[in-house]
Structure formats: C-alpha cells, structure tokens
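Architecture and fold: a report
Here's the letter readout for the chains.
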Amino acid sequence: MHRTTEYHMDLQGVCFILWQFTVAVLVLSNPFSVRAGDIVHDDDSAPKKPGCENDFVLVKVQAWVDGREDREFVGVGARFGSRIMSKEKHANQTRLALSNPRDCCSPPKNKLSGDVIMVDRGHCKFTAKANIAQAAGASAVLIINNQKELYKMVCEPDETDLDIHIPTVMLPQDAGASLERMLMYSSSVSVQLYSPKRPVVDIAEVFLWLMAVGTILCASYWSAWSAREAAIEQDKLLKDASKEFPATKGIATGGVVDINTVSAVLFVVIASCFLVMLYKLMSSWFIELLVVLFAIGGAEGLQTCSVALLSWRFKHAAESFIKVPFVGAVSYLTLAVSPFCMAFAILWAVYRNISLAWIGQDVLGIALIITVLQIVRVPNLKVGSILLGCAFVYDIFWVFVSKKLFHESVMIVVARGDKSGEDGIPMLLKIPRMFDPWGGYSIIGFGDIILPGLLVAFSLRYDWLGKKSLRAGYFLWAMIAYGLGLLVTYVALNLMDGHGQPALLYIVPFTLGTFLALGRKRGDLKILWGRGEPERVCSHIQLLPPEESGEKN
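The sections below set out a description of the structure shown in this document. (Residues numbered from 1 in each chain as written. Predicted model: local features only at pLDDT ≥ 70, side-chain atom pairs only at ≥ 80, totals over all residues. Heavy atoms only, no water.)

**Observations concerning the overall build of the chain**
A count of helical and extended segments in the chain gives 16 helices and 16 strands. Put simply, the chain has 553 residues, and 51% of those count as buried. Excluding contacts between residues fewer than 6 apart, the proportion of contacts in the chain whose partners are at least 24 apart in sequence is 74%. Of the accessible surface of the chain, which amounts to about 26300 Å², a share of 62% is contributed by carbon and sulfur atoms. (Helix = DSSP H or I, 4+ residues; strand = E, 2+ residues; numbered from the N terminus. Buried < 20%, exposed > 50% of the residue type's maximum accessible area, 1.4 Å probe, protein only. Contact = heavy atoms within 4.5 Å. Areas by Shrake-Rupley, 256 points an atom, 1.4 Å probe, with all protein chains shown as cover.)

What follows is the structure, encoded as structure tokens:
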C-alpha cells in the first residue's frame, strides 16, 4: 500500500505539470479547420470600385518545360483585370516570356504575341504594369513579389485607368526564381493559369469528425471508470469505519486536478495573453520551441495511455515499482514503455515535414488529449458552464473581433503560422484533404476537443456514480450534442468558402445548452450545478459540495 501511495503522489506531480503545459499552450489552438490556402479571400480594407472589384482568388500556375509537364506554383489574382475563367487543368499552354525591362514600367522591348509576361514588383503601380503589358500584346501578367509571401494587389483610390482585360497574378519570390531558371536553361517554357474549385465536402472532414468524437468517447469512459474505481475503493475503506469518519468530503482520486471557478476564468485571461505572445513572437524558432514542448507532452500522453492499456495484459509489471532518482516510484511497465514513446515523439519531431508526418502528430495529439481529459476534471456543472462560457467568448473574440484591433484574425494567423515560414503550430489534429485539387489539411484545435470534452466526461462520471442507464443519463445526449455541434461547424465552414471558423461558437450552445435544458427538465439541475455528484446509496458516506469543502479547509 505504501508503494502505491508513493507512486500516486509522484504521478500527481507529473500530471499537474502536464496540466500547466496544456493550459498554456494546447488550448490556444481553437481555430477550426483553417485550410491551407483559402481559395477566395475578401478584404474590407481594399474597397471595390468599377474595374477593380475582383475577389482575391488563388490561382494555380502549371509550367511545362520543353513540352514536358514540370512544377506547379500558387499565386493570387489581383483586384483588377479579368478573372481566371479556367477551372480545370488541360493541355492548353501559353508561352512564358520574361519582361525587358524587368519591372515592365515602360513598354517591353521584346515582342509579345499573346504570351504570358513575367515581371518584377516595384517602381510603378500594379495597374500600370498590367496596362503596359496589355498594350504590348500580353495575354496575362505574372508579377513576382520581392518576398516569400503573397501580396494582395489593389487599386489606388484615385486610379481611373482600369480598362484592363487580361488577368494579373502575383507569385511569391521563390516561384519567380524557379520560373526564371526554367527560362534560362530551357528552349521553351509555357504555362497555364487556372483556379479549380474545392469539393463541397471532403472525406477528410468525416474522418476528422470521427477522430474528435472518438477521442472524447475514449477519454470519457476512462475518466468515468477511474472515478467509479475510486468510489468503490473508498466504499471498502469506510465500510467498517462510519463511526470514526462520519463525513467524507468528496471522492479522493490520486493524480487528478479539479478546476474551480477562479481557474476557469483565469484560463481565458492567460490563454489570451499567451495567444498575443504567439502572434507577436511568431517565427521559425518559436515554432521549433512549440514542437519540442508538444513532443514532450505527446510522449508523456502516449506513455500514460499505453501503460493504461497494457496494464490489463501485464498486471504484475504494472503493479511492481522501482524507485528512480529524481522521479520517484515508477512501475516496471512504465520503464519498458517510456523509451518507445520518447523515440516515437523524437522521430515525429525530426521528420515532421514529410508527407505522412500528420499521422504521428495525430497519434501524439490524441494521446495527449485523452490524458488531459483523464487528469483534469470539472467538479460540477457550474464550473463547466463558466469554463465553456469564457472559452466561447475567447474563441469568437480572437477569430472575429481581433480583426478590428490587429487588422487580421490573430487566431487564424497563429494557427496557420503565417509569420513563421512554417506550416503552423503543431497543437492540432489534421488530415490531408484527399480529393481537394488545392491539397492542404482539414484541422481542428485541441481546445475544441478538450474544453467540451471536460463537460462530456463529467456527464459520464455523474451517470456511472448515479448508476443511471445510458438513455436515462446525460452522457448519451451530451455526446450527441457535441457531434451535432461539430457537424454544424463543418456546414458553416463550407458555407463560408473554407474560411476558418471558431468551432466553440457552435459546439458550446449545443453541448452546454443540451446539458442545462435536460438537467432542468429532469429536476437534477441543482445537484449538477452545485454538488456535481448524485446522492450516494451508502449511508456512511456523506458527500459535501466541493465549494463547501474548500471553505472549511
């Protein structure tokens, strides 16, 4: 018994550190399904006017070198000029020519007969370049940016010469360098400009929905099982000691952190500060730091889940402990599993840029989410309502309202890693879009699973401790509500042309609203709100509400 207690104390310390990590970093990633390269962009800071009213549409530029298909580049169409009409890739090719002079601020010296002309950015207006190229006989203009990022080409407020009938597309600096090398070392280079449509629904969204729902399902059952085991163990301990211990303040569970109302509110404040810090310090080195933190947390989560699963098969190894310096008592099973979990996390961190690295990221992410939902618990509906209510406001503010203060959505910029040169923060579940000609990923932030997952796990613990059937309890309806909320988020995402959506805007009303309405209808709302646990059958156990027990301490 002494060894087990010592192990639980050490485990609780590790779990609390893990919780601090998840609060500071993981729950920041709330933007839902921010796709790599939204096709259609709008920008209120660039007002439309006649001759300059196009949407900013992403354009594919397919290159052919000496008749052979080569690389494909992605650019963005200008506010002015004709729209890219072609939606499908086909064999129609147009010769590519390099402007002379390079900036195309004066008529080109080389002859253009329906060619696509490639020009450098700078020295004159975008519309001036397009007008000069059009007058010289070009069929389209590719403007090469002087940076790696894309830039939205707009019209000046006082511009009037907007009778432009050829498409103008901006390409990033590296794409321009590649096309220039092709022109230098090949006899002919031709291109095709087209802008394919995304499918209405991609199968990746279905799998992502299943992953999110399945993760909460697994975590809830693990959390409820642990709570029930703790209750059974406490019943045995107090069975013959009712006179000596007339009152018991809740069910003590080793290695579990209960959230209170203060920490629920502080969470949003701390998360907001950390999000702004991410936004301001977003760079490649900062992303590397987050990768390291995620790998550490993911390895810890994978180890915790693996030990829990394997302990059923290797019970003796799970219950035998050895004292490790600086760590404390650790089971032999944990020692055996840890090297594999650490190796998995390290391999993912090293090779995270390869095409299949998303699988490793999802495995580590799911394990970490399940571990957090096992360790961190909301004690009652009151705390859950405050936490989800604050997160609801947090999500909406940083996705939508922050545009007014920072001129861009802070949450989406952080999730995509726009200022880092990387693919975004790693604290996301993601699946490649399988039938999307633009590629990219469907993604969901950890916070959109963890936060509602805390309430769903609480509902199953309540049902099991109250010995309620699946239909008479709250868990089934909470799970259905979460699934529907997530489904509505996907619908909204597709209706908004793929622009990032705050998932909690839809999930919180579904999940929390269903719980509150059902509790009120059944007459359990008072117990759910304050006590958080059903009445116990055992007469020798008198549970006090968490708030009351904290005051007496």
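**Some thoughts on unusual backbone geometry**
The step from Asn 100 to Pro 101 runs through a cis peptide bond, and the omega angle for that step is 10°. One non-glycine residue with positive phi stands out, namely Asp 66, at about 50°. Looking at the element boundaries, Asp 66 is found in the loop between β3 (56–65) and β4 (68–77). Residue Asp 66 is classed as partly exposed on the basis of its relative accessible area of 34%. At Cys 104, a residue that is not glycine, the phi angle is positive and equals roughly 55°. Take Cys 104: it is sitting in the loop between β5 (94–98) and β6 (116–120). The class of Cys 104 is buried, set by a relative accessible area of 0%.

**Observations concerning the packing of helix α13 (residues 475–495) against helix α14 (residues 504–522)**
Two numbers describe how α13 lies on α14: the axes approach to 7 Å, and their chain directions differ by 150°. Considered as vectors, α13 and α14 are oriented roughly antiparallel to each other. For the crossing formed where α13 meets α14, the hand is right-handed. Listed contacts from α14 to Trp 477, Ala 478, Ala 481, Tyr 482, Leu 484, Gly 485, Leu 486, Val 488, Thr 489 and Ala 492 of α13 are Tyr 506, Ile 507, Phe 510, Thr 511, Thr 514, Leu 518 and Arg 522. Considered class by class, the residues forming the contact of α13 with α14 number 12 nonpolar, four polar and one charged. (Axes fitted to C-alpha atoms, helices over the stretch in contact; angles between N-to-C directions. Parallel < 35°, antiparallel > 145°, perpendicular 65-115°, else oblique. Left-handed = near helix turned anticlockwise from the far one by under 90°. Nonpolar A, V, L, I, M, F, W, Y, C, P; charged D, E, K, R; others polar.)

**What about the pairing of strand β9 (residues 189–194)?**
Of all six residues making up β9, six are buried, and the element is well covered by its neighbours. Where burial is concerned, the two faces of β9 agree: the one with Val 189, Val 191 and Leu 193 and the one with Ser 190, Gln 192 and Tyr 194 are both buried. Pairing between β5 and β9: two bridges, direction antiparallel. Opposite Thr 94, over in β9, you have Val 191 as the bridge partner. (Pairing = 2+ DSSP bridges.)

**Overview of the state of the cysteines**
Under the defined criterion, the tally for this structure stands at two disulfides. Residue pairing for Cys 52: its cysteine sulfur links by disulfide to Cys 155, the two sulfurs lying 2.0 Å apart. Handedness of the Cys 52-Cys 155 disulfide follows from its S-S torsion of about 105°: it is right-handed. On the criterion of sequence distance, the pair formed by Cys 52 in the loop between β2 (40–41) and β3 and Cys 155 in the loop between β7 (140–144) and β8 (168–171) is long-range, its members being 103 residues apart. Cys 52 gets classed as buried once you look at its relative accessible area, which sits at 1%. Owing to a relative accessible area of 13%, Cys 155 belongs among the buried residues under this scheme. Between the sulfur of Cys 105 and that of Cys 124 lies a disulfide, 2.1 Å long from S to S. Here the disulfide of Cys 105 and Cys 124 is left-handed, its torsion about the S-S bond being about -90°. Here Cys 105 is found in the loop between β5 and β6, whereas its partner Cys 124 is found in the loop between β6 and α2 (126–135), with 19 residues between them in sequence. Of the residues examined, Cys 124 reaches a relative accessible area of 27% and is grouped as partly exposed. Here the cysteine-cysteine linkages of the chain are recorded as 1-4, 2-3, numbering only bonded cysteines and doing so in sequence order. Of all cysteine sulfurs in the structure, the one in Cys 305 sits closest to Cys 218, which takes part in no disulfide; the separation is 9.1 Å. (Disulfide = S-S within 2.5 Å.)

**So, the pairing of strand β11 (residues 321–324)**
Where β11 meets strand β12 (residues 328–331), four bridges bridge the pair, whose relative direction is antiparallel. If you follow Phe 321 over to β12, its bridge partner there is Ser 331. Here β11 hands over to β12 after three residues, with Phe 326 in that stretch at a positive phi of 70°.

**Description of the side chain of Gln 374**
In this fold, Gln 374 is placed in helix α9 (residues 357–375). Assessed through its relative accessible area of 12%, Gln 374 is described here as buried. At a separation of 3.5 Å, a polar atom in the side chain of Gln 374 contacts the main-chain amide nitrogen of Ser 223. Among the polar contacts made by the side chain of Gln 374, one reaches the side chain of Ser 226 at a distance of 3.0 Å. (Polar contact = N/O pair within 3.5 Å; in protein donor to acceptor, adjacent residues only side chain to side chain.)

**Things to note about helix α8 (residues 332–350)**
In this model α8 runs 28 Å from its N-terminal to its C-terminal C-alpha over 19 residues, within 8% of the 27 Å that 1.5 Å per residue would give. By the largest-angle criterion, Ser 338 marks the main kink of α8, which is about 30°, and a proline, Pro 339, follows within four residues. Here α8 has its buried residues at Leu 333, Thr 334, Val 337, Ser 338, Cys 341, Ala 345, Trp 348 and Ala 349. (Expected span 1.5 Å × (residues − 1). Bend = angle between axes of the 7 residues up to and from the residue.)

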